[in-house]
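# Examining the three-dimensional arrangement
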Amino acid sequence: MKTILEIKNLSKNYSGLKAVDNVSFKIEKGHVYGILGPNGSGKSTTLGMVLNVVNPTSGSYEWFEGTTTNHDALKRIGAIIERPNFYPSMTAVQNLELVCKIKNIPKDKIEEKLTVVDLLSRRHSPFSTYSLGMKQRLAIASALLNDPEILILDEPTNGLDPQGIRKIRDIIQEIAKSGTTILLASHLLDEVEKVCTHVIVLRQGKTLYCGAVDEMNHNHGVVHLDSVNRDGLFDFLKGQPYAVSVKEEMEGFKVVLNQPVDLGAINAAAFEKNISLNKLFLKKQSLEDQFIQLTNHN
Amino acid sequence: MKRLLDIEFHKFKYSKSSKILTIIYLVIVILLMFTGLIQVDINGFKGSLSDLGIFNFPYIWHLSTYMVSFLKIFIAIVIVSLTANEYSNRTLKQNLIDGLSKKELILSKLYLAITLALLTTMIVFIASLTLGLFYSDYLEIGIVFSKMEYLPAFFISHLMFFCFCLFAGVLVKRSAFALGLIGVWWILELVIRGLSSFIDFKYELDTWNVIQHILPLESASLLIKEPFTKISIVQGGIEQLTQGQYIKDYGVSLINVATSMVWSFLFIFWSYKILKSRDL
């Protein structure tokens, strides 16, 4: 698989404070990555370093397997950092034309990308007249201008109202579907959960986890069951090899799993013991639970 | 280079302050051209300024470059605000993320400074030529295009000043403070002048003669010396007062050219170093 970005032992100290501490990870083509971590965990600093605006204290990084210089690599990516930065007196089109000149690409995609983010009707208004949501969408259009090999988004929904958040998320999901590699930094877990296949978890500048979302905790979720014959069901469940723990609750039993299960097989086995289930469903652990668990363990 | 100039002029073209200040600059230059019509009455001489012979070739080259030099502050504000606003709008950061290298960024600003210095030189050339053709008593080609060393001197002093502005913008990141810094530096040079003149007077030394060629603003201003005492009527007046012959070298001296070039280089080099070491 093609590696887009490889970070090796990257560190950044701000006058004694370790903002990023020996972080290493790899971004491979075609995945959607989330960088998770509470505020101040070093997400933006890490991105700033690979985007050539923050000087690393130590360590290194390599774009596109080292086949190009850093600033040429940046012409092939699209990135938005924290808040949209444009020239206030220029219109959307003028701002995007400037980006085309910097990236050395033709200007013919400007209208197309403005359509993607729903800004075509306001393309000739000065940037300073835009609302925050529109500014953020213009930033996304700008990042898409070169049909980037990777799109880097740092807190893209920060400070937006619910409609704005929804709009940005729809756009991101649309882009992810088209097969573009995405690196999304956020402290909003559900945001990451909705789009990401892989996560990198940072805390106090250190990498806690890097890998697929599902494998984060070797966790297989929880099965919820219920039956009229609760005593029978309890005895049945206690004997099962996949059950780590069985807990009775108001609405039935909650079984924590230690391996993947086939719900149909469970149903058949219970029926054999003359227990008819009136409730049976599997619930995956949310990213939030996993995240909290992970950050607590370490 | 073409790409970098294109990028920089895109920013220049769509910036409100640069448009307004450039227009002010041009308007003042044009107004100055009409001063030839002003009627004066000095030392028993009556008539318009043009009758004084101040628009004669080749004297006009000296006079106009000297006068128009004062207007460079308008263009300087443009450069300072274009540079410092890149910081306050955080577009500098976005430019870098979009794939401009830090070296290219400083180079593009330098190209802008060079181009603006060239353009202002062109403007003063055209204005002087027009004025001279209207009012000059001598129109022989050999005289019209003689003693034009003031034009390259004008270019060099402007370039040095623009590089200084660029450096100030990069250093302090806010246009108002950057202009303040330039003002403070100018005052500092005056203070140094006062101190060294005092020392010269007290210990009978000649320090100012050396220092004036080292300080950036002072040495740039020495590139084009004041032209007024060259006017025969003024010179005559001074000679009457001092009862002696008034002799002064009005030429462009190479030491000041060298100093300005060195300062220009240093300002650009330091800007690059600052940009490179700073986190954005």
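Criteria and thresholds
- By convention here, each chain's residues receive numbers from 1 onward along its written sequence.
- Both sets of labels track the order of writing: A upward for chains, 1 upward for ligands.
- Given that the model is predicted, a residue must reach a pLDDT of at least 70 before its local features are reported, and side-chain atom pairs must reach 80 or more before they are shown or counted; all residues, however, enter totals for whole chains, interfaces and linings.
- Heavy atoms throughout the structure, all of them, feed into the side-chain values; hydrogens and water do not.
- Numbering of helices and strands starts at the N terminus; helices are DSSP runs of H or I of at least 4 residues and strands are runs of E of at least 2.
- Between buried and exposed lies partly exposed: a residue is buried under 20% and exposed over 50% of the maximum accessible area for its type, with that area taken using a 1.4 Å probe on protein chains only.
- Using a 1.4 Å probe, accessible areas were evaluated by the Shrake-Rupley method; residue-level cover was limited to the displayed protein chains.
- When charges are counted, neither His nor the chain ends are considered; positive counts come from Lys and Arg and negative counts from Asp and Glu.
- To locate a charge, take atom NZ for lysine, CZ for arginine, CG for aspartate or CD for glutamate.
- DSSP-based pairing: two strands are paired if at least 2 bridges between them are found.
- What counts as an axis is a line fitted to C-alpha atoms, over the stretch in contact for a helix, and the angles between N-to-C directions run from 0 to 180 degrees.
- Whether two residues are in contact is decided by their heavy atoms: any pair within 4.5 Å suffices.
- Think of it this way: a Phe, Tyr or Trp ring, Trp meaning its six-membered ring, pairs with another when their centres are within 6.5 Å, and the plane angle makes it stacked under 30 degrees, edge-to-face over 60, tilted otherwise.
- A ring is considered to have a charge above it if a Lys NZ or an Arg CZ atom is located within 6 Å of its centre and within 35 degrees of its normal.
- Two parts placed together each lose some accessible area; with a 1.4 Å probe, that loss summed over both constitutes the buried area.
- Salt bridge, as used here, is a side-chain nitrogen of Lys or Arg placed within 4 Å of a carboxyl oxygen of Asp or Glu.
- The definition of a polar contact used here is a pair of N or O atoms within 3.5 Å, where within protein one atom must be able to donate a hydrogen and the other to accept one, and adjacent residues in sequence count solely through side-chain atom pairs.
- Polarity classes work like this: nonpolar for Ala, Val, Leu, Ile, Met, Phe, Trp, Tyr, Cys and Pro, charged for Asp, Glu, Lys and Arg, and polar for all others, with Gly in that last group.
- For the domains described, the bounds stem from an automatic or database domain assignment.
- Like charges within 9 Å and nonpolar side chains (Val, Leu, Ile, Met, Phe, Trp, Tyr) within 5 Å are joined into patches, using only residues over 30% in relative accessible area that form no salt bridge.
- For the purposes of this section, nonpolar cores are sets of buried Ala, Val, Leu, Ile, Met, Phe, Trp, Tyr and Cys residues that join through side-chain atoms within 4.5 Å.

## Let's talk about the overall build of chain A
The helix and strand inventory of chain A stands at 10 helices and 13 strands. A burial count over chain A gives 50% of its 298 residues as buried. For chain A, the exposed surface amounts to about 13800 Å²; the carbon and sulfur share of it is 49%. Separation of charge centres in chain A, based on 34 positive and 34 negative side chains, amounts to 6 Å.

## Side note on the sheet that holds strand β3 (residues 32-36) of chain A
Hydrogen bonds along the backbone pair up the strands of a sheet, which may run parallel or antiparallel. All names here are of chain A. Here we have 6 strands laid out as an open sheet, ordered β5-β6-β7-β3-β8-β9, and mixed in their pairing. In this open sheet, the two edge strands, each paired with only one partner strand, are β5 (77-80) and β9 (206-212). In this sheet, adjacent strand axes meet at a mean angle of 10° when their direction is disregarded. In the packing of helix α1 (residues 43-50) onto the sheet, contacts are made with β3, β6 (150-154), β7 (181-186) and β8 (198-203), and the angle to β7 comes to roughly 140°. Sheet contacts for helix α6 (residues 162-177): β3, β6 and β7; angle to β7, the most-contacted strand, approximately 150°.

## Points about the packing of aromatic side chains
Aromatic rings considered in pairs are described by the distance between their centres and by the relative angle of their planes. Under the definition given, this model contains 19 aromatic pairs over all chains. Both rings, one in Trp-63 of chain A and one in Phe-64 of chain A, keep their centres 6.0 Å apart while their planes meet at 35°; by these two values the pair is tilted. Trp-63 of chain A sits in the buried class, given a relative accessible area of 2%. By relative accessible area, which is 2% here, Phe-64 of chain A ends up buried. Ring centres 6.4 Å apart and planes at 70° place the aromatic pair Trp-263 of chain B and Trp-270 of chain B in the edge-to-face group. In this structure Trp-270 of chain B comes out as partly exposed when scored by relative accessible area, which is 34%. One aromatic cluster is present, built from ring pairs that chain together Phe-164, Phe-167, Trp-185, Trp-263, Phe-267 and Trp-270 of chain B. Lying over the aromatic face of Phe-64 of chain A, Arg-76 of chain A brings its terminal NZ or CZ to 3.9 Å of the ring centre. Between the NZ or CZ atom of Lys-72 of chain B and the centre of the ring of Phe-161 of chain B, over which it lies, the distance is 5.6 Å.

## Quick notes on the interface of chain A and chain B
Counting residues at the interface gives 28 residues for chain A, matched by 28 residues for chain B. In total, chain A and chain B occlude about 2700 Å² of area from one another, counting both sides; carbon and sulfur atoms represent 50% of this. Looking only at chain A, the three residues that lose the most surface to chain B are Val-53, Asn-85 and Ile-102 of chain A, adding up to 24% of its buried area. At the boundary of chain A and chain B, one finds 3 salt bridges. At the boundary of chain A and chain B, one finds 18 residue pairs in polar contact (both at pLDDT 80 or more). Of all the secondary structure elements, the ones that give two or more residues to the side of chain A that touches chain B are β1 (3-14), α2 (70-75) and α3 (92-103) of chain A. Ranked by residues supplied to the side of chain A that touches chain B, first place goes to α3 of chain A with 7 residues. When its residues are assigned to classes, the side of chain A that touches chain B shows 14 nonpolar, 7 polar and 7 charged.

## What about the domain arrangement of chain A?
Size of an interface, as often reported, equals the accessible area lost when the parts are brought together. All names here are of chain A. For chain A, the assigned domains read domain 1 (3-212) and domain 2 (222-297). Between the C-alpha centres of domain 1 and domain 2 there is a distance of 41 Å. Opposite the 10 residues of domain 1 that make contact, domain 2 presents 6 residues. Seen at the junction of domain 1 and domain 2, the total is 0 salt bridges. Joining domain 1 to domain 2, the criterion identifies 0 residue pairs in polar contact (both at pLDDT 80 or more). For the side of domain 1 that touches domain 2, the elements supplying multiple residues, two or more each, are α7 (189-195), β8 and β9. Per element, the largest residue contribution to the side of domain 1 that touches domain 2 is 3 residues, and it comes from α7. Here the residues of the side of domain 1 that touches domain 2 sort into 7 nonpolar, 1 polar and 2 charged.

## Overview of a nonpolar patch on the surface
A cluster of nonpolar side chains, namely Trp-186, Ile-187, Leu-190, Val-191 and Leu-195 of chain B, defines an oily patch on the protein surface of about 510 Å² accessible area. Its location among the elements puts Trp-186 of chain B in helix α9 (residues 175-203).

## A short note on the pattern of salt bridges
Scanning all chains against the criterion turns up 23 salt bridges over all chains. The partner of Lys-109 of chain B in a salt bridge is Glu-86 of chain B, with the nearest N and O atoms 2.9 Å apart. Taken together, the residues span a long stretch of sequence, with Lys-109 of chain B in helix α6 (residues 102-135) and Glu-86 of chain B in helix α4 (residues 72-88) at a distance of 23 residues. Judged by its relative accessible area of 2%, Glu-86 of chain B is buried. A single network of salt bridges, built from pairs that share partners, joins Lys-109, Glu-112, Lys-113 and Asp-147 of chain A.

## A short note on unusual backbone geometry
For the bond from Phe-57 of chain B to Pro-58 of chain B, the omega torsion is -5°, close enough to zero to count as cis. Tracing the sequence through the fold places Pro-58 of chain B in the loop between β2 (45-48) and α3 (59-69). Not every positive phi belongs to a glycine, and Asn-22 of chain A is a case in point at roughly 55°. Counting through the fold element by element, Asn-22 of chain A comes out in strand β2 (residues 17-28). Positioned with a positive phi, Asn-52 of chain A is a non-glycine residue whose angle comes to about 75°.

## Considering the nonpolar core
Leu-51, Trp-63, Ile-77, Ile-152 and Leu-183 of chain A are the most contacted members of the largest nonpolar core, which totals 107 residues. At 16 residues, the largest contribution of residues to this core is made by helix α8 (residues 150-172) of chain B. Once you skip the residues sitting within four places of it in the chain, Ile-152 of chain A turns out to touch Leu-47, Leu-51, Trp-63, Ile-77, Gly-78, Ala-79, Ile-80 and Leu-183 of chain A. If you look at the next biggest cluster of nonpolar residues, it comprises 44 residues, including Leu-36, Ile-110, Val-199 and Phe-291 of chain A.

## Quick notes on the environment of Ser-88 of chain B
Residue and element names in this part refer to chain B. Tracing the backbone shows Ser-88 in helix α4. On the basis of relative accessibility, which here comes to 32%, the residue Ser-88 falls in the partly exposed class. A sequence separation of 85 residues divides Ser-88 from Lys-173, and the C-alpha atoms of the two residues are 6.9 Å apart. Here Ser-88 is in contact with Lys-173 and Arg-174, once residues within four sequence places are set aside.

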